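# Fold and contact review
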Amino acid sequence: MTTGIRPRGWRPPRARRTQPRRLAAPHLLPVNGLGPEDVVLDEHDRIITGVDDGRLLALDQDGRQLRVLADTGGRPLGIETLPDGALLVCDAERGLLRIDPRHGHVHTLLASGGPVRPALCNNAAVATDGTVYFSDSSRRFPLSRWRHDLMEHSGTGRLWRLPPDGPAEVLLDGLQFANGVALTPDETSVVVAETGAYRLRRVTLTGPRAGSSDTMLSAMAGFPDNISTGTDGLIWVTQAAARSHLLDTAHTHAPALLRLAAALPRPLQPQPAETLWLLAVDTHGRVVHELAAPVGDFGMVTGVRQHRGTLYLGSLTSRAVATLPLEPATPH
């Protein structure tokens, strides 16, 4: 565990500065709740999301039909589909859940709390053999105080693995707010977004380097949130907000001031600049797409799925999910 005080001579990595391709504003599909943080498509191409009152919702593609599938009794964040049609939900309060969307039954796979359980279950990816990889963002702060973790740099995030027939284990510890999780298409590596460090970390799962980790993409210009592997084989990455020069400077020169700022009322704390900003990277960590669109009524994008030429987006602060047609890149 770290205290937020950086080693002597430490400097935040310089942000990558590129010009994203501009897209039109997304099409919004309203939901009757706040903060549809993540999105996934089920076997019927319905859009599945969860909102802050605990409900798990299903929307059809035009947004005209909205159905409540279940209520977790907590705060659902990351959502994945399982091979048998069930849903895997990372609930920030309750832990890792399995949900039957037909009957609304909620089964706890791994409850929150305790030294050998997740504290803030956030996002997940599921391998073809049923193994679940999921992030545990912070052992110090609950979801309602996520800003405090970014300001303090608690370094208490973890990446977990839960096999179908074995106990959960920690693959990577000491992460700066562990967030989105995705598997590479060949499932030889798992990738986790480290929001507070502006980077993607990768753990090798097979071969002679199994268990080793490295940085897949660093010095990002925004705060990475949820990530997912698209049908195009790329790993899609949300950047929920633009990187803060003030935060970088304070972490380097005056971390004590950030701890004081965390004690201020929320309106007086440093506020993130909301964006609609997405990246797609290949398995070598090369940026293939960098896309931006007007924020309007839909910002702080925290969930993304690429499916059949369309991006489906979730947001921590909106009352809608969004769709964004993905035009093919112009050949060079």
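Scroll up to find the structure.
Everything in this summary refers to the structure shown in the same document. The structure presented is a predicted model; accordingly, all values stated were derived computationally and were not measured.

For the rest of this paragraph, the subject is the pairing of strand 7 (residues 76-81). Taking burial as the measure, the six residues of strand 7 include five buried ones, the bulk of the element. Sheet topology places strand 7 next to strand 8 (residues 87-91); four bridges connect them, and they run antiparallel. Looking at strand 8, one finds that proline 76 is bridged to aspartate 91. The antiparallel pairing of strand 7 with strand 8 creates a hairpin that spans five residues between the two strands, and glycine 85 there sits at a positive phi of about 95°.

Our next topic: the pattern of salt bridges. Using the criterion set out here, one finds 16 salt bridges in the structure. Note that aspartate 42 and arginine 46 form a salt bridge whose closest N and O atoms lie 2.7 Å from each other. Overall, the relative accessible area of 11% leaves aspartate 42 in the buried class. The partner of arginine 286 in a salt bridge is aspartate 282, with the nearest N and O atoms 2.9 Å apart.

Residue placement: leucine 279 occurs in strand 21 (residues 274-281). When its relative accessible area of 0% is taken as the criterion, leucine 279 is described as buried. Distance from leucine 279 to tryptophan 236, taken between C-alpha atoms, is 5.8 Å for residues 43 residues apart in sequence.

Before going further, it helps to examine the sheet that holds strand 8. Spatially, 7-8-9-10 is the arrangement adopted by the four strands of the open sheet, whose pairing is antiparallel. Both edges of this open sheet fall to strand 7 and strand 10 (105-111), since each of them pairs with a single strand only. Between one strand and the next, the sheet's axes are offset by a mean angle of 25°, whatever the strand orientation. Pairing of strand 9 (residues 95-100) with strand 10, which is carried by six bridges, proceeds in the antiparallel orientation. Bridged to leucine 96 within strand 10 is leucine 110.

Attention now goes to the side chain of aspartate 149. Tracing the backbone through its elements, the reader meets aspartate 149 in helix 1 (residues 146-152). Of the side chains with opposite charge, arginine 140 comes closest to the buried, unpaired aspartate 149, at an N-O distance of 6.5 Å. Once residues lying within four places of it in the same chain are set aside, the contact partners of aspartate 149 are Ser138, Phe141, Ser154, Thr156 and Phe177.

The next subject is the packing of aromatic side chains. Each aromatic ring pair is characterised by the separation of its centres together with the angle its planes make. According to the stated counting rule, one finds two aromatic pairs in the structure shown. With a centroid separation of 5.8 Å and an interplanar angle of 10°, the aromatic rings of phenylalanine 134 and tryptophan 160 are classed as stacked. Placement of phenylalanine 134 in strand 12 (residues 132-136) and of tryptophan 160 in strand 13 (residues 157-162) is noted, with a sequence separation of 26 residues between them. The burial state of phenylalanine 134 is the same as that of tryptophan 160; both residues are buried. Ring geometry for tyrosine 198 and phenylalanine 223: centres 5.1 Å apart, planes at 45°, overall tilted. Note that tyrosine 198 is positioned in the loop between strand 16 (189-194) and strand 17 (199-204) and phenylalanine 223 in strand 19 (residues 222-229), a separation of 25 residues in sequence.

So, on to the sheet that holds strand 17. If you walk across this open sheet you meet the four strands as 15-16-17-18, and the pairing is antiparallel. Each edge of the open sheet is held by one strand with a lone partner, namely strand 15 (178-183) and strand 18 (213-217). Each adjacent strand pair in this sheet contributes to an overall mean axis angle of 30°, direction not counted. Alignment of strand 17 against strand 18, held across four bridges, turns out to be antiparallel. Opposite valine 203, over in strand 18, you have serine 213 as the bridge partner.

Reading guide: rules and limits
Residues numbered from 1 in each chain as written. Predicted model: local features only at pLDDT ≥ 70, side-chain atom pairs only at ≥ 80, totals over all residues. Heavy atoms only, no water. Buried < 20%, exposed > 50% of the residue type's maximum accessible area, 1.4 Å probe, protein only. Helix = DSSP H or I, 4+ residues; strand = E, 2+ residues; numbered from the N terminus. Pairing = 2+ DSSP bridges. Salt bridge = Lys/Arg side-chain N within 4 Å of Asp/Glu carboxyl O. Axes fitted to C-alpha atoms, helices over the stretch in contact; angles between N-to-C directions. Lys, Arg positive; Asp, Glu negative; His and termini not counted. Contact = heavy atoms within 4.5 Å. Phe/Tyr/Trp six-rings, centres within 6.5 Å; stacked < 30°, edge-to-face > 60°.

Purely geometric stuff here, so don't read any function into it on its own.
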